[in-house]
Amino acid sequence: GTRHSTMVGAVVALVHAGFGDQEIGDAITVAHVKSVDGDRPADQTARVVQNAIQWARDRIGASLENLDKDLNVSDWSIWS
């Protein structure tokens, strides 16, 4: 429904903005749990948010924190 589409849109925007998965999960899960209160258990809602983060990450790419680890780059200023 509309709430799910809104949550996924927020997740995608935050992934694009460079936020880490934990930051996104913490913020979006709280808001989405409130939005579906009474319709779905909180633990199931948290899994839905984590699935959305993974889906977005698979399509957009690694977070900046993971790029640091994957590429062994300690100073990204060389790219700016």
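Everything that follows concerns the structure shown earlier in this document.
Quick caveat: nothing in here was measured; it's all calculated off a predicted structure.

*Asks:* Sorry, what's going on with the overall build of the chain here?
*Replies:* Within the chain one finds 4 helices and 0 strands. Starting at the N terminus and walking to the C terminus, you meet the elements of the chain as α-α-α-α. Expressed as a percentage of its 80 residues, the buried residues of the chain come to 24%. For the chain, the share of sequence-separated contacts (at least 6 apart) that also reach a separation of at least 24 residues comes to 62%. Total accessible area on the chain is roughly 5400 Å²; 54% of this is exposed by carbon and sulfur atoms.

*Asks:* Honestly, the nonpolar core in this entry has me stumped. Any pointers?
*Replies:* Here is a general trend for soluble globular proteins: nonpolar side chains tend to be buried in one another's company. Ranked by size, the top nonpolar core spans 10 residues in total: Met-7, Val-11, Val-15, Ile-24, Ile-28, Val-48, Val-49, Ala-52, Ile-53 and Ala-56. Going through the elements one at a time, helix H1 (2–16), helix H2 (21–35) and helix H3 (42–60) are the ones with two or more residues in this core. Ranked by the residues each element gives to this core, the list is headed by H3, at 5 residues. Among all residues touching Ile-24, those that are not within four sequence positions of it are Val-11, Leu-14, Val-15, Phe-19, Thr-29, Ile-53 and Arg-57.

*Asks:* What exactly am I supposed to notice about the side chain of His-32 here?
*Replies:* Position of His-32 relative to the elements: it lies in helix H2. If we skip the residues at most four places from it in the chain, His-32 touches Arg-3, His-4, Met-7, Arg-40, Thr-45 and Val-49.

Each value, and the rule that gives it
- Residues numbered from 1 in each chain as written.
- Predicted model: local features only at pLDDT ≥ 70, side-chain atom pairs only at ≥ 80, totals over all residues.
- Heavy atoms only, no water.
- Helix = DSSP H or I, 4+ residues; strand = E, 2+ residues; numbered from the N terminus.
- Buried < 20%, exposed > 50% of the residue type's maximum accessible area, 1.4 Å probe, protein only.
- Contact = heavy atoms within 4.5 Å.
- Areas by Shrake-Rupley, 256 points an atom, 1.4 Å probe, with all protein chains shown as cover.
- Core = buried A, V, L, I, M, F, W, Y, C linked by side-chain atoms within 4.5 Å.

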